[in-house]
Amino acid sequence: MASVPFHYVDLRAFCYVTEDRKRVADALRTFIPDDDELELDYAETEGFNGDRILVVSIRLERADEMRHVLSKLTELDDIDTVVRELDHRVDEDCTFFLTLDKQAAFRGDVVRGDGITLRAKVEAYPAKKEHAVENVAETLASLRGD
């Protein structure tokens, strides 16, 4: 895949008071390339009951970084299901959404589930949902070697 049809990819996970900050960060790092320049962002917020929640996130904007995240998605056992669901996973603002299992990611596995949110702004000209869906489908197909 020569170009990546995304403006950026955001990855985000919540670290609850009962969780280890380092383990949550390691789960996110499953999806990002090894690069000393890439740093996770940490923002502290408060839950409904006043408990501390740490939001761990990163925005990837370089093509190689985004390509790495997308290549990790091809490890999903049900990537074909994701492709079939693209009409529901891309919104009218041309943003692609997917949730991934935080526990599995900590083990280095790529599985759909809860805990990590992937949000990617899709390049589409004109900026219409159907063009964005087509771009994501083509990108995932090229990464799978279809």
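Thresholds applied
- Residues numbered from 1 in each chain as written.
- Predicted model: local features only at pLDDT ≥ 70, side-chain atom pairs only at ≥ 80, totals over all residues.
- Heavy atoms only, no water.
- Pairing = 2+ DSSP bridges.
- Helix = DSSP H or I, 4+ residues; strand = E, 2+ residues; numbered from the N terminus.
- Axes fitted to C-alpha atoms, helices over the stretch in contact; angles between N-to-C directions.
- Contact = heavy atoms within 4.5 Å.
- Salt bridge = Lys/Arg side-chain N within 4 Å of Asp/Glu carboxyl O.
- Buried < 20%, exposed > 50% of the residue type's maximum accessible area, 1.4 Å probe, protein only.

Caption draft 1: A look at the sheet that holds strand β2 (residues 41-46). Spatial strand order, β2-β3-β1-β5-β4: five strands in an open sheet with antiparallel pairing. The open sheet is flanked by β2 and β4 (95-101), the only strands paired with a single partner. Taking the axes of each pair of neighbouring strands and ignoring which way they run, one obtains an average angle of 20 degrees across the sheet. Relative to strand β3 (residues 52-60), β2 runs antiparallel, the two being bridged by six bridges. Each bridged residue has a counterpart across the sheet, and for Y42 the counterpart in β3 is V56. Here helix α2 (residues 63-73) sits on the sheet in contact with β1 (6-16), β3, β4 and β5 (115-122), set at roughly 65 degrees to β1. Helix α6 (residues 129-144) rests against β1, β4 and β5 of the sheet, and its axis sits at about 115 degrees to β5.

Caption draft 2: Structural detail: the pattern of salt bridges. Under the criterion given, the structure shown has 15 salt bridges. Here R59 and D10 are joined by a salt bridge, their closest N and O atoms 2.7 Å apart. Highlighted residues: R59 in strand β3 and D10 in strand β1, separated in sequence by 49 residues. In this structure, E37 engages R62 in a salt bridge whose closest nitrogen and oxygen atoms are separated by 3.7 Å. Remark: R62 occurs in the loop between β3 and α2 and E37 occurs in the loop between α1 (21-29) and β2; sequence separation between them is 25 residues. For E37, a relative accessible area of 62% gives the class exposed.

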